[in-house]
Every structure is written in C-alpha cells, then in structure tokens.
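Structural overview for review
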Number of protein chains: 2
Amino acid sequence: MIAQTPEPPYYAVIFTSIKQHSAPGYADTAALMLTLAQEQDGFLGVESASAALGITVSYWRNKAAIRRWKLQTDHQIAQQRGREAWYAQYQVRIAKVERAYGFENPASAPDDHV
Amino acid sequence: MIAQTPEPPYYAVIFTSIKQHSAPGYADTAALMLTLAQEQDGFLGVESASAALGITVSYWRNKAAIRRWKLQTDHQIAQQRGREAWYAQYQVRIAKVERAYGFENPASAPDDHV
C-alpha cells in the first residue's frame, strides 16, 4: 500500500479534496481512473487515504507523464464531472521528490498489514 | 482542512505509514507533534487522512525548516518511539512544490464541509 518508487528524483501529484455530501458515481469513476493511470507511461505508483479529507498522491517519472495523464480523454471527462458533481473543493500540487527514505519494522512482516 | 499555502515554490513532506495493530500512546503523541510542528518557523500547513494507510502531508517554507523540525527534540523522541512501537512501515518523501491550483464549487460553502 506504500508505493514502491525508484530513487529520486521523480514527481508527485498531491491531490487533496473534500467531496460533496452526495457524489453519485464517484467510486466507480475513481476506480476506473486508478486503473487507467496505472496503464500510463511514466506512472510510478499511488497512495490514497480518505476520511473527512481525501488525499491521493500519485508518483510519476517526470512532468511530461503528468501532463499526458492530465489530458487523457477519459480523465478529462472525469475531471469535468468532478467539478460539476463530486467535489466541494480540491487542491492539486505538483512537486519534485528530491529525497526519500523509509522504515520497516523487522518484527512486522508486510503481509500482516495489507 | 485543505491547507492554505502560499504561491509555490515551497516544500512538502509526504509521510505515508502503516501502523502496527496496536499503537498505545500514538494518538496523544501525534496530536502533540501537530501542535509543535505548527509552532515551528517555516511551517506552512498540514493535511492528513488515514484509513488502512495513513498519509500526512506537511508544507514548509524551505528545506532548512524541514531539517529543524526533524531535529527538534520532542520530535526526535517521537520518531524513535514510532520506530520502536507504532509503525509497521513508513516512507518519507521530501518534495519541492513547483505548481499548485485548486477548485472550489461555488454552490458548496466551505462551512458545510468542515
């Protein structure tokens, strides 16, 4: 669930959102967009969590890959629908990952936690 | 709940984590760290969501501010405790926010969603 990304540098798109009270059709489209993003050239990984606030961070090889995904036709339609019907508010931040490090507890096999 | 950050460039620390099944004392320390981070020079904002995966993105004026917070004494103790007792796994990514844009639905007053 934590994305396995290569050594920096690479890019992150930090998408934070607050949904409307009712967002019919959102879940299906979100699942489809995830599948399509994963098929894009330059896609490196994604991490997502949502409570009152939703945060999805997707990782990309470079800015060109992000731009292609932004302009992908199905994604464009989903973005339009998102503004019209799903999101009360969102923020997109494009950031260059310069450094990364991690920790894994030797007593906690990943299988216990997925 | 979506952080009000200045015009880029600024920095983001993307912290993604999977907690152990039991993490006694975690919530209190997390709340304290949030308070202390907000008091740090160069702190710009924070966004957090957690489900199976926890994602906290904090925003900072520059890398020096991030470094100072990493080395802050109480935070160092919390990091140590995190590795010993709370986290099964985590990843920290330091990224320079180059571009940001947002959307707010005119029909959705922020007060309805906070």
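Residues numbered from 1 in each chain as written. Chains lettered and ligands numbered in written order. Predicted model: local features only at pLDDT ≥ 70, side-chain atom pairs only at ≥ 80, totals over all residues. Heavy atoms only, no water.

Overview of the pairing of strand S3 (residues 54-60) of chain B
Side-chain direction in a regular strand flips from residue to residue, so the side chains alternate between the two faces of the sheet. Residues and elements named next belong to chain B. For the record, the criterion: For every residue, the accessible area obtained with a 1.4 Å probe (protein chains only) is divided by the maximum for its type, and the residue is called buried under 20%, exposed over 50%, and partly exposed between those limits. Secondary structure counts use DSSP, requiring at least four H or I residues in a row for a helix and at least two E residues in a row for a strand, with both numbered from the N terminus. What makes two strands pair is DSSP finding at least two bridges between them.
By the criterion of burial, S3 is predominantly enclosed, with 6 of the 7 residues buried. Here strand S1 (residues 10-19) runs beside S3; their pairing, made up of 7 bridges, is antiparallel. Directly across from Tyr11, in S3, lies its bridge partner Trp60. One ladder, built from 7 bridges, connects strand S2 (residues 43-50) with S3; its direction is antiparallel. Following the sheet pairing, Glu47 is matched in S3 by Val57.

Structural notes on the interface of chain B and chain A
Stated formally: Any two residues whose heavy atoms approach within 4.5 Å are treated as being in contact. When two parts are put together, the accessible area they lose, computed with a 1.4 Å probe and summed over both, is reported as buried area. One speaks of a salt bridge when a side-chain nitrogen belonging to Lys or Arg is within 4 Å of a carboxyl oxygen belonging to Asp or Glu. Two N or O atoms form a polar contact when they lie within 3.5 Å of each other; inside protein one atom must be a possible hydrogen donor and the other a possible acceptor, and for residues adjacent in sequence the pair counts only when both atoms belong to side chains. Following the grouping adopted for this structure description, the nonpolar residues are Ala, Val, Leu, Ile, Met, Phe, Trp, Tyr, Cys and Pro, the charged ones are Asp, Glu, Lys and Arg, and the polar ones are all others, Gly among them.
Each side of the interface is counted separately: chain B has 51 residues, and chain A has 51 residues. Summing the contributions of chain B and of chain A, the shared interface buries around 4,600 Å²; its carbon and sulfur component is 59%. By the criterion of area lost to chain A, the three top residues of chain B are Ile2(B), Arg93(B) and Phe103(B), representing 16% of everything that side buries. Applying the counting criterion to the chain B and chain A interface returns 4 salt bridges. For Glu47(B), the salt bridge goes to Arg93(A), with nearest N and O atoms at 3.1 Å. At the junction of chain B with chain A, the criterion picks out 27 residue pairs in polar contact (both at pLDDT 80 or more). For the side of chain B that touches chain A, the elements supplying multiple residues, two or more each, are S1, S2, S3, helix H2 (63-71), helix H3 (73-86) and strand S4 (87-104) of chain B. It is S4(B) that contributes the most residues to the side of chain B that touches chain A, 18 residues altogether. When grouped by side-chain class, the residues that make up the side of chain B that touches chain A number 25 nonpolar, 14 polar and 12 charged.

A word on the relation of the copies chain B and chain A
Heads up, the rule is: Here the copies are superposed with least squares, the fitted atoms being C-alpha atoms of residues at a pLDDT of at least 70 in both.
Placing chain B over chain A gives an RMSD of 0.0 Å and needs a rotation angle of 180 degrees, together with 0.0 Å of translation along the axis. Put plainly, the chains are arranged around a two-fold axis. A shared interface surface links the copies, since 100% of the contact residues of chain B are contact residues in chain A too.

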